[in-house]
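# Overview (structure and organization)
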Amino acid sequence: MSEVRVRFPPSPTGYLHIGGARTAIYNWLFARKHGGKLVLRIEDTDAERSTEESIKGIIEGLEWLGVDWDEGPYFQSAFAAEHVAAAEKLLAAGHAYKCFCTKEELEARREAAAAAKADYRYNGACRELSPEEVAAKEAAGLPAVIRFKVPQGEGGVAFNDVVYGGVERNYRDIEDFVIVRSNGLPLYLLCNVVDDIRDRISHVIRGQDGLVNTPRQILLYRALGTTPPTFAHMPLTLDLKKAKISKRSHGEIVAVQFYRDHGFLPWALVNFLVLLGWSAGDDREIFSKEELIEAFTLEGVNRANSIFNYRKDDPKFFTDPKAININAHYLRTIPVAELAQRVRPVLEKEGLWDPAYEGEKQEWFHKTLEMSRERFHTLTDFATLGRAWFADDFSMDETALQKNLLKHPQMKEWLPQLAQRFAALPEITHDEAERVAREFAEEHGVKPGVPINAARAVITGQNKGPSMFEVFAHLDREKVVQRLREAGKYFEGQS
Ligand code: GLU
């Protein structure tokens, strides 16, 4: 294969969408695998819809994901003169022509076609205007668009898409499409090709929605005297009802930023997105960066649309459960020092961060993360479900309150008594905590789980979690004692 050069050319008209991110990731993997280059090109020709905020969001999103590019960002708008020059070259070479048909004329023909139940295509009225006729119309100040002259007669455009296979489109089904508007602005279809030629793109890896443009773009490449790149179109991502995922119908869960804000590890999102439409051909689902680069091929991309399994009405999952599970996997397995770095901003945001967690309390902090991550799914969980490790003002889980505490009214007295026993220990170790708790239960004639789970509720606010003996030993002794001592407050107002 000659030099691999791929590109990610987002239109900056919104946030980085997970579908766009997936396309970027596929391009990135392909470039990395083949020692090629990834070009980031911001396609901002639509000045009205492009925003600075969107450009910033896209770049930040890619950086957060760890998708690094080798060239750019280039801005399409900076090459406007080249786009115009290309249109003029096509005009001069007889591959394009000026069209003076008015809106009204086009509309009337479109309506006539509709009335006759025929497909509408531009009828080529201006295709054969003589140079004199063109000059006369221009002299009269009539506005003109530039149209591409699609070859006539039999035959068509055929190409081999790496994912979709052989694609063919007859010339007679392609109308003479507009490449420059009457205001002189070249159309996106042309700009995209001109830029891909300049950027020496070898493979166009893009969403399946680009497939409708490809035959026309291939005609442009040929007319501009270049060989078209290899095309590979990625399947669509649909929801469970087979509708395209979009912000309008699915809300923020389609934005990469949503995952960052909801405690995803960037690599977990990359890993999840890659699997939306690609497989290694075996049953592997978890890949390190190196493994993924090694395993990724365009041939492994599925032709079938991929399904984003999101049930809006299931409050248990805020996005595709598979994404959450993959995130939980990484949360539980990455080195704890790396996890600590990821948790820090989450705690900072909630006012729970203590700089000592990177100093004299680092060991404690890391152990806390290790103990609690087994049940967590997102980084955010450390600040919500795990809040009691870092603050005294945590809220109590409803099940923990009802089942572990209020169901056993005697705990109102027992837990303060247990506090006394812990207070009397020179140090709370795991084994000492176990001995004290078991003895306490035995004396009161209940199973050890009863006081232990009640203690879990008042100490951690949760009804599940790591071994309570470890918790007793790991949390500050004063906090253990104080929370048990104050257990009575949960019973106030209860009958
Ligand atoms: N700017 C286009 C988009 O965001 C890129 C299409 C392409 O990859 O050719 O959809």
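Residues numbered from 1 in each chain as written. Predicted model: local features only at pLDDT ≥ 70, side-chain atom pairs only at ≥ 80, totals over all residues. Heavy atoms only, no water.

## Description of the sheet that holds strand S4 (residues 96–99)
With antiparallel pairing, three strands are arranged side by side in an open sheet as S4-S5-S8. Of all strands in the sheet, those with a lone pairing partner are S4 and strand S8 (178–180), marking the two edges. The average undirected angle you get between the axes of adjacent strands in this sheet is 45 degrees. Sheet topology places S4 next to strand S5 (residues 145–148); four bridges connect them, and they run antiparallel. (Pairing = 2+ DSSP bridges. Helix = DSSP H or I, 4+ residues; strand = E, 2+ residues; numbered from the N terminus. Axes fitted to C-alpha atoms, helices over the stretch in contact; angles between N-to-C directions.)

## Concerning the layout of surface pockets
The calculated volume of the largest pocket comes to roughly 1,400 Å³. Around the largest pocket, the lining is made up of 46 residues, and of these Pro 9, Pro 10, Ser 11, Thr 13 and Asp 209 lie nearest the centre. Ranked by the residues each element gives to the lining of the largest pocket, the list is headed by helix H1 (residues 18–33), at four residues. Across the lining of the largest pocket, the residue classes break down as 17 nonpolar, 18 polar and eleven charged. Roughly 680 Å³ of internal volume is contained in the second largest pocket. Around the second largest pocket, the lining is made up of 29 residues, and of these Cys 101, Leu 106, Val 145, Arg 147 and Val 178 lie nearest the centre. Taken together, the elements giving at least two residues each to the lining of the second largest pocket come down to helix H4 (103–115), S5 and helix H6 (188–198). In the lining of the second largest pocket, the residues fall into 17 nonpolar, two polar and ten charged. (1 Å grid on protein atoms, 1.4 Å probe; cavity = no way out; pocket = protein on both sides within 12 Å on 5 of 7 lines; lining within 4 Å. Points joined across faces, edges and corners; volume = space filled by probe spheres on them. Nonpolar A, V, L, I, M, F, W, Y, C, P; charged D, E, K, R; others polar.)

## Let's talk about the packing of helix H16 (residues 398–406) against helix H19 (residues 449–460)
It is the contact of H16 with H19, at a shortest axis distance of 8 Å, that shows an interaxial angle of 140 degrees. The orientation of H16 with respect to H19, classified from their angle, is oblique. Of the two possible hands of crossing, H16 and H19 adopt the one that is left-handed. Across the interface between the two elements, Ala 400, Asn 404 and Leu 405 of H16 pack against Asn 453, Ala 454, Ala 457 and Val 458 of H19. The residue inventory of the contact of H16 with H19, partitioned by class, reads five nonpolar, two polar and no charged. (Parallel < 35°, antiparallel > 145°, perpendicular 65-115°, else oblique. Left-handed = near helix turned anticlockwise from the far one by under 90°. Contact = heavy atoms within 4.5 Å.)

## Quick look at the site of the ligand
Taken together, the residues surrounding the ligand are Arg 7, Pro 9, Pro 10, Ser 11, Glu 43, Tyr 188, Asn 192 and Arg 206. The contact in question runs from a nitrogen atom of the ligand to an N or O atom on the side chain of Glu 43, over 2.7 Å. Contacts to the ligand include Asn 192, whose side-chain N or O atom sits 3.3 Å from an oxygen atom. In this structure the site holding the ligand corresponds to the largest pocket. Here the residues of the shell around the ligand are counted per class, giving three nonpolar, two polar and three charged. (Near = heavy atom within 4 Å. Polar contact = N/O pair within 3.5 Å; in protein donor to acceptor, adjacent residues only side chain to side chain. Sits in = over half its atoms within 2 Å of the grid points.)

## Brief notes about unusual backbone geometry
Geometrically, the link from Gly 72 to Pro 73 is a cis peptide bond, its omega value of 5 degrees lying close to zero. Within the secondary structure, Pro 73 is located in strand S3 (residues 71–75).

## Looking at the packing of aromatic side chains
Throughout the structure, instances matching the rule amount to 23 aromatic pairs. Taking the centre distance of 5.1 Å and the plane angle of 90 degrees together, the rings of Tyr 259 and Phe 264 count as edge-to-face. With respect to burial, Tyr 259 and Phe 264 carry one shared label: buried. Judged by centre distance (5.5 Å) and plane angle (80 degrees), the rings of Trp 353 and Phe 365 are edge-to-face. Of the two residues, Trp 353 sits in the loop between helix H13 (336–349) and helix H14 (362–372) while Phe 365 sits in helix H14, which places them twelve residues apart along the sequence. There is no split in this pair, since Trp 353 and Phe 365 are both buried. (Phe/Tyr/Trp six-rings, centres within 6.5 Å; stacked < 30°, edge-to-face > 60°. Buried < 20%, exposed > 50% of the residue type's maximum accessible area, 1.4 Å probe, protein only.)

## Some points on H4
The end-to-end C-alpha distance of H4, which contains 13 residues, comes to 18 Å, matching closely the 18 Å that a straight helix rising 1.5 Å per residue would cover. Downstream of H4 by a residue or two, Lys 117 has a phi angle that is positive, lying close to 55 degrees. (Expected span 1.5 Å × (residues − 1).)

## A look at the pattern of salt bridges
Any two side chains of opposite charge can pair, given that their charged atoms come close. Taken as a whole, this structure holds 35 salt bridges when the rule is applied. In this structure, Glu 432 engages Arg 435 in a salt bridge whose closest nitrogen and oxygen atoms are separated by 3.1 Å. You can see Glu 432 and its partner Arg 435 sitting in helix H18 (residues 430–443), three residues apart, about one turn around the helix. A relative accessible area of 25% means that Glu 432 is categorised as partly exposed. Bridged by salt links that share partners, the residues Arg 7, Arg 41, Glu 43, Glu 82, Asp 195, Asp 196, Arg 198 and Asp 199 form one connected network. (Salt bridge = Lys/Arg side-chain N within 4 Å of Asp/Glu carboxyl O.)

## Considerations on the nonpolar core
One finds Ile 179 and Phe 422 to be the most contacted residues of the largest nonpolar core, which totals 148 residues. The element that contributes the greatest number of residues to this core is H1, accounting for nine residues. Discounting chain neighbours no more than four positions away, the residues touching Ile 179 are Ala 87, Leu 90, Ala 96, Ile 146, Arg 147, Phe 148, Leu 185, Pro 186, Leu 187, Leu 190 and Leu 220. Formed by seven residues, the second largest nonpolar core is a distinct cluster that contains Cys 99, Cys 101, Tyr 122 and Val 145. (Core = buried A, V, L, I, M, F, W, Y, C linked by side-chain atoms within 4.5 Å.)

Read these as geometric descriptors, not functional statements.
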